[in-house]
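# Examining the three-dimensional arrangement
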Amino acid sequence: MAIDWIQFEANSTVLFDEFLAHRIGLIPLTSDEVVDKMVYSRDCTCTDFCQDCSVEITLDVKGTEGSTRQVTTAGMVTSDSRVVPVTSRRCDADAGEYDEIDHEAPFQWDAKPNKFFFNIETCGSLRPENIVIHGIAALKKKLSDLQMSLSQEFQNDALAI
Ligand SMILES: [Zn+2]
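Calculation notes
- Residues numbered from 1 in each chain as written.
- Predicted model: local features only at pLDDT ≥ 70, side-chain atom pairs only at ≥ 80, totals over all residues.
- Helix = DSSP H or I, 4+ residues; strand = E, 2+ residues; numbered from the N terminus.
- Buried ≥ 20, exposed ≤ 12 C-beta atoms within 10 Å, placed from the backbone.
- Contact = placed C-beta atoms within 7 Å.
- Expected span 1.5 Å × (residues − 1).

Here we take up the overall build of the protein chain. Helices and strands together make up the secondary structure of the protein chain, namely two helices and two strands. Moving toward the C terminus, one meets the helices and strands of the protein chain in the order α-β-β-α. The buried share of the protein chain, reckoned over its 161 residues, is 6%. A separation of at least 24 residues holds for 47% of the contacts in the protein chain among residues at least 6 apart in sequence.

If you want it as structure tokens, here you go:
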């Protein structure tokens, strides 16, 4: 999940809106628990935004006069506690989760390959296993759609002859 739509109410910084929107859009958001349940806003039945298709994140910070204020993701308030900037996630909850596990196949010159190992790196918005599971599900759906289209094409060709 990523920040897709930004509305500025006031921006009195030296940085223009587009620059800030670009920077904010690069912030990864945790979405492991909601990625399956949400729909794209363009596919949603609501007229504007609802909790099924959006999460509202508010950033309301103000600097004191004469000093520089650092604005970080810590100032972001989200309407859904499951969707937070990755950097705001509690570290102790995930401690040890990302320990590297050494997977290495035993090497034999004459062996016939029957398995493979690969590494997945993530920015933290999705767990690696969810990335693989969702990727396989998307591939499976595309292959199923292709198979369905091909079978319909063959039926149409058979009827045409
Ligand atoms: Zn909606």
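A few words now on the environment of Phe-8. If you trace the backbone, Phe-8 turns up in the segment before helix H1 (17-25). The exposed category is assigned to Phe-8, around which 11 C-beta atoms lie within 10 Å. Sequence separation between Phe-8 and Leu-20 is twelve residues, and the spatial gap between their C-alpha atoms is 9.7 Å.

Another aspect to go through is helix H2 (residues 128-160). Given a rise of 1.5 Å per residue, 33 residues ought to cover 48 Å, and the 48 Å separating the end C-alpha atoms of H2 matches this to within 8%. Counting buried positions along H2 yields zero of 33 residues, so the element is predominantly exposed.

Tracing the sequence through the fold places Glu-121 in the loop between strand E2 (76-78) and H2. Owing to 7 C-beta atoms within 10 Å, Glu-121 belongs among the exposed residues under this scheme. It is 9.8 Å that separates the C-alpha atoms of Glu-121 and Ile-131, two residues lying ten residues apart in sequence.

Geometric values such as these leave the question of function open.
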